[in-house]
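Okay, here's what each chain looks like letter by letter:
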Amino acid sequence: METRVAVLSIIVENMEVVEQLNTVLHENGAYIIGRMGLPYRERGISIISIAVDAPQDVISAMSGKIGSLKGVSVKTAYSSKIYQN
């Protein structure tokens, strides 16, 4: 199986969808290397970075599900190297 390392950068402006976001992350927990979340209380948003090592289609599906949540923005940066597991 081919995998890539990527970082999902997430901005949450609608705190009502945090439970749905956490469900998506939990469903993909086997691929998550690490997670950093920063609540920016002065602006009422959260900034989250998720490092993953997963097949391309899994990363794309995860990013798509997260991006479909109302009030959530996501961008994904991929490493250029492909790994064989």
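Conventions and cut-offs
- Residues numbered from 1 in each chain as written.
- Predicted model: local features only at pLDDT ≥ 70, side-chain atom pairs only at ≥ 80, totals over all residues.
- Heavy atoms only, no water.
- Helix = DSSP H or I, 4+ residues; strand = E, 2+ residues; numbered from the N terminus.
- Rg over C-alpha atoms; globule rule 2.2 N^0.38 Å.
- Buried < 20%, exposed > 50% of the residue type's maximum accessible area, 1.4 Å probe, protein only.
- Contact = heavy atoms within 4.5 Å.
- Areas by Shrake-Rupley, 256 points an atom, 1.4 Å probe, with all protein chains shown as cover.
- Arc of directions from axis to C-beta.
- Expected span 1.5 Å × (residues − 1).
- Axes fitted to C-alpha atoms, helices over the stretch in contact; angles between N-to-C directions.
- Parallel < 35°, antiparallel > 145°, perpendicular 65-115°, else oblique.
- Nonpolar A, V, L, I, M, F, W, Y, C, P; charged D, E, K, R; others polar.
- Pairing = 2+ DSSP bridges.

Draft legend 1. Seen up close, the overall build of the chain. When its secondary structure is counted, the chain shows 2 helices and 4 strands. Tracing the chain from N to C terminus, the helices and strands come up as β-α-β-β-α-β. Taking 2.2 N^0.38 as the reference for a compact globule, 85 residues should give roughly 12 Å; the C-alpha atoms of the chain span a radius of gyration of 13 Å, in line with that estimate. Counting only C-alpha atoms, the chain reaches 45 × 20 × 15 Å along its principal axes. Across the 85 residues in the chain, those meeting the buried criterion constitute 31%. Residue pairs at least 24 apart in sequence account for 70% of intrachain contacts in the chain once pairs closer than 6 positions are excluded. Total accessible area computed for the chain in this model is approximately 5,400 Å², and 53% of it derives from carbon and sulfur atoms.

Draft legend 2. Fine view of helix α1 (residues 18-27). When α1 is considered as a whole, its buried residues turn out to be Leu21, Val24 and Leu25. For α1, the arc enclosing every buried residue in end-on projection is 95 degrees, short of the 170-degree limit, so these residues lie on one face. In this structure, α1 carries Glu19, His26 and Glu27 as exposed residues pointing more than 90 degrees from its buried face.

Draft legend 3. Summary view of helix α2 (residues 56-67). The terminal C-alpha atoms of α2, which comprises 12 residues, lie 16 Å apart, in line with the 16 Å expected from a rise of 1.5 Å per residue. Inspection of α2 places Val58, Ile59, Met62, Ser63 and Ile66 among the buried residues, and these make up the whole buried set. What you see down the axis of α2 is that its buried residues fit within an arc of 130 degrees, all on one side. On its buried side, α2 packs onto β1 (2-12), α1, β3 (45-54) and β4 (72-84).

Draft legend 4. Here's a closer look at the packing of α1 against α2. Two elements in contact, α1 and α2, have axes whose closest approach is 10 Å; the angle formed by their N-to-C orientations is 170 degrees. The pairing of α1 with α2 is recorded here as roughly antiparallel in orientation. Across from Leu21, Val24, Leu25 and Glu27 in α1, the residues of α2 making contact are Met62, Lys65 and Ile66. Of the residues contributing to the contact of α1 with α2, the split by class is 5 nonpolar, no polar and 2 charged.

Draft legend 5. View of the pairing of strand β2 (residues 32-40). In this structure, β2 lies alongside β3, joined through 8 bridges in antiparallel fashion. Looking at β3, one finds that isoleucine 32 is bridged to valine 52.

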